[in-house]
Amino acid sequence: VNNAAQLTEQPAAAGFWKQPFSVWDDQYAVGLRGAYVASALAARLMVEQGSGLIINLSDDTDAVDGVFQANIAYSVCSAGLDQMAAGMARELAPHGVTALSLLPGLVRTEWVEAARSRGQLEISEQRFCSPRFVGRALAALAMDPDIQEKNGGRFEIEMLRKEYRFSELSADAATTPAAQPR
């Protein structure tokens, strides 16, 4: 699972031309290059064993849909993760390895909560999910015996929630099974 980004304190509304070039460099060095290197190293093992799953966590507000709600460098990096998953899927399919993108939306991380408290994010509560909810989606994908049908795809977490019938978890329900079989 590839999920890394160098987030900036620069507000997206500041304009890309006002931001230091390091914002772009950080997105690619951490987010895109990091996912590429991790995937290439993992793929070597997966190809050898004839199976595996590579998931890029991406963003549903990115350049693929022409919507730039975040900083442009972040959005373009998300689109790159989606394109990377599609390309890896084509190359890895003959070896039994699946690659895809998962779009969880805003995840209630410490960074997101801090940005909300500073007034940098004005998003309704319904748009948030917990890291545990993302984990349930990942577990459901990993347990899917027909996962290769999703090879190269881009999947919103809400669609997967309906397909695999998982839900958000509270901390005291952590022992609930990750997903119900289809």
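Residues numbered from 1 in each chain as written. Predicted model: local features only at pLDDT ≥ 70, side-chain atom pairs only at ≥ 80, totals over all residues. Heavy atoms only, no water.

Caption draft 1: Inspection of the packing of helix H4 (residues 131-143) against helix H5 (residues 157-164) at higher detail. Close contact between H4 and H5 brings their axes to 10 Å; oriented N to C, the two are set at 60°. It follows from the interaxial angle that H4 and H5 lie oblique. Note on packing geometry: the crossing formed by H4 with H5 is left-handed. Contacts between H4 and H5 pair Phe133, Val134, Ala137, Ala140 and Leu141 from the former with Ile157, Leu160, Arg161 and Tyr164 from the latter. Of the residues in the contact of H4 with H5, the class split is 8 nonpolar, no polar and 1 charged. (Axes fitted to C-alpha atoms, helices over the stretch in contact; angles between N-to-C directions. Helix = DSSP H or I, 4+ residues; strand = E, 2+ residues; numbered from the N terminus. Parallel < 35°, antiparallel > 145°, perpendicular 65-115°, else oblique. Left-handed = near helix turned anticlockwise from the far one by under 90°. Contact = heavy atoms within 4.5 Å. Nonpolar A, V, L, I, M, F, W, Y, C, P; charged D, E, K, R; others polar.)

Caption draft 2: Inspection of the environment of Gly105 at higher detail. Mapped onto the elements of the fold, Gly105 is located in the loop between strand S2 (97-103) and strand S3 (106-107). Classification of Gly105 by relative accessible area gives partly exposed; the value is 21%. Along the primary structure Gly105 and Leu57 are separated by 48 residues, whereas in three dimensions their C-alpha atoms are 9.5 Å apart. (Buried < 20%, exposed > 50% of the residue type's maximum accessible area, 1.4 Å probe, protein only.)

Caption draft 3: Region of interest: the sheet that holds strand S5 (residues 154-156). The 3 strands lie next to each other as S1-S2-S5, forming an open sheet whose pairing is parallel. One side of each edge strand has no neighbouring strand; the edge strands of this open sheet are strand S1 (52-57) and S5. When the angles between neighbouring strand axes are averaged without regard to direction, this sheet yields 30°. Here 6 bridges tie S1 to S2, and the two strands are oriented parallel to one another. Its bridge partner being in S2, Gly52 is matched across the sheet by Val97. (Pairing = 2+ DSSP bridges.)

Caption draft 4: Quick peek at the environment of Asp25. Here Asp25 shows up in helix H1 (residues 22-49). Residue Asp25 is classed as partly exposed on the basis of its relative accessible area, which comes to 47%. A sequence separation of 48 residues divides Asp25 from Ala73, and the C-alpha atoms of the two residues are 8.5 Å apart.

Caption draft 5: Structural context of the pattern of salt bridges. The final tally for this structure, using the stated rule, is 4 salt bridges. We note a salt bridge from Arg154 to Asp82, for which the minimum N-O separation is 2.6 Å. One end of the pair, Arg154, is in strand S5; the other, Asp82, is in helix H2 (residues 72-92), and 72 residues separate them in sequence. In this structure Asp82 comes out as buried when scored by relative accessible area, which is 5%. When the shortest N-O distance is used, the salt bridge between Glu158 and Arg161 registers 2.5 Å. Here Glu158 pairs with Arg161, and both are found in helix H5, just 3 residues apart, close to one helical turn. Residue classification places Glu158 among the partly exposed positions, given a relative accessible area of 35%. Judged by its relative accessible area of 27%, Arg161 falls in the partly exposed class. Several salt bridges share partner residues, and in doing so they unite Asp144, Lys150 and Glu163 into one network. (Salt bridge = Lys/Arg side-chain N within 4 Å of Asp/Glu carboxyl O.)

In short, the description is geometric, and any link to function would need to be established separately.
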